2 protein chains.
Amino acid sequence: MGNLYRFVEPVVLLLLKKKGRSYGYDLSGELHKHALTDAEIERAALYRTLRQLEVNGNVVSEWETDDSGPARRVYRLTAQGERHLEEWATVLEHVSKSMNRFVRDTKNLLNGKTSRKKARPA
Amino acid sequence: MGNLYRFVEPVVLLLLKKKGRSYGYDLSGELHKHALTDAEIERAALYRTLRQLEVNGNVVSEWETDDSGPARRVYRLTAQGERHLEEWATVLEHVSKSMNRFVRDTKNLLNGKTSRKKARPA
DNA sequence: GGCTCTACGTGCGATGTGCATCTATTTCGC
DNA sequence: GCGAAATAGATGCACATCGCACGTAGAGCC
C-alpha cells in the first residue's frame, strides 16, 4: 500500500475520474462526500497530494485563466492514473474485507458468543 | 479516529482480548493473521504501540520471569481497553462500508457502466 | 479603496515510521 | 563448557508526514 495519506489520494483519483477535469479548490468542496474516514481533509493535504500525483505521472495539470476569478490549476487523470485508481480499488477491497472480519471477530468476542449463530435474546 | 499506527493498535487490542494475556514477542508472530493490510508490521511499531496503549490506560503490564527464557512484559486489557476495542470496531465498520462504496463507484466508472444493473456479457 | 471570496500554495514544529542496532537471558549443538 | 542461535524488550536517528498557520494574488462588490 505504501503511504496512507489519510486516504486522500484514492478519493482524489475517483473524483477526477468522475468529473473528467477539476481543480483543487473545487475538489475540496466535494471530497468529504466520498471520503473514507470522517476525519476532515485539510486543504494543504489536498494540494500536496495533487502535486505528488502529478510528479508520479498519475495526473497532468494546466493553468486555466479564461474564466472569472483567480487562475486555476486544472487537473485530469492520465492513463496511468486510471490504472492507479484501479489498483487502489483492489487494495481497498481487500482492506475492507479484512476490516469486516475484524469487526465480526471483535463483536463475537465482546458479546461472549460461541461459534454458533443464534437469535439475540430479548 | 486520531492516529492510524498502520492499524496496529486495533489488531493488538483484538489479539489481547482473544488471548487474555500475552507479550510483545508472542504477539508479533500472530499479528499478520489478523492484520488489516498486508504491510508487514514492524516489531518496533508493535512495542511502541503496546507502551502507548499502557500510557493511555488501555492495557496494563507486568514482568514475568517465572518461565523459561528472558523476562517477558505480559500485557492484558483493562476495562477501558475493551471499550476502546469496541470503539475501534465501530469506526472500522464505518470505514469498511465507505471503502466498499468507493470500490463499487470506482468499478462502475472504470467499466463505463450506467446506473442499471445488468448481467455481464460473455 | 477596502472587504470578501476564490484560488494556490509554503513554513514549520510536532508526530510517526523504518531500519539498524543494542542489551540480556536461555537453550541448543557439539 | 563454550559459542551460536533463539527469545525478549527496547532505543537512536534520519526521514516522511501532518496539522495549523500564514502568505500571495486576482476578481467582484459597494
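About the cut-offs
Residues numbered from 1 in each chain as written. Chains lettered and ligands numbered in written order. Predicted model: local features only at pLDDT ≥ 70, side-chain atom pairs only at ≥ 80, totals over all residues. Heavy atoms only, no water. Contact = heavy atoms within 4.5 Å. Buried area = accessible area lost by both parts, 1.4 Å probe. Salt bridge = Lys/Arg side-chain N within 4 Å of Asp/Glu carboxyl O. Helix = DSSP H or I, 4+ residues; strand = E, 2+ residues; numbered from the N terminus. Polar contact = N/O pair within 3.5 Å; in protein donor to acceptor, adjacent residues only side chain to side chain. Expected span 1.5 Å × (residues − 1). Buried < 20%, exposed > 50% of the residue type's maximum accessible area, 1.4 Å probe, protein only. Arc of directions from axis to C-beta.

Peer 1: I'm lost on the interface of chain A and chain B in this one. Help?
Peer 2: Contacts between the two partners involve 32 residues from chain A and, on the opposite side, 32 residues from chain B. In total, about 3300 Å² of surface goes out of reach between chain A and chain B, with carbon and sulfur atoms giving 74% of it. Linking chain A with chain B are two salt bridges. With its nearest N and O atoms 3.2 Å apart, the salt bridge here joins K107 of chain A to E93 of chain B.

Peer 1: Sorry if this is basic, but what is going on with the side chain of S61 of chain A here?
Peer 2: Residue and element names in this part refer to chain A. Note that S61 resides in strand β2 (residues 59–64). Reaching out from S61, the side chain makes a polar contact with the side chain of R73 at a distance of 3.1 Å. Contact partners of S61, with chain neighbours within four places excluded, come to E54, R73, V74 and Y75.

Peer 1: What am I meant to see in helix α3 (residues 43–55) of chain B here?
Peer 2: Two residues of an α-helix separated by three or four positions point the same way, owing to the 3.6 residues in each turn. All names here are of chain B. Along its 13 residues, α3 runs 19 Å from first to last C-alpha, staying within 8% of the 18 Å computed at 1.5 Å per residue. Those residues of α3 lying buried are L46, T49, L50 and L53. Down the axis of α3, the buried side of the element spans an arc of 100°, and every buried residue falls inside it. The outward face of α3, more than 90 degrees from its buried face, is lined by the exposed residues R48 and V55. Along its buried surface, α3 packs onto α1 (8–19), α2 (24–34), β2 (59–64) and β3 (72–77). Positive phi appears at G57, one or two residues downstream of α3, with a value of about 80°.

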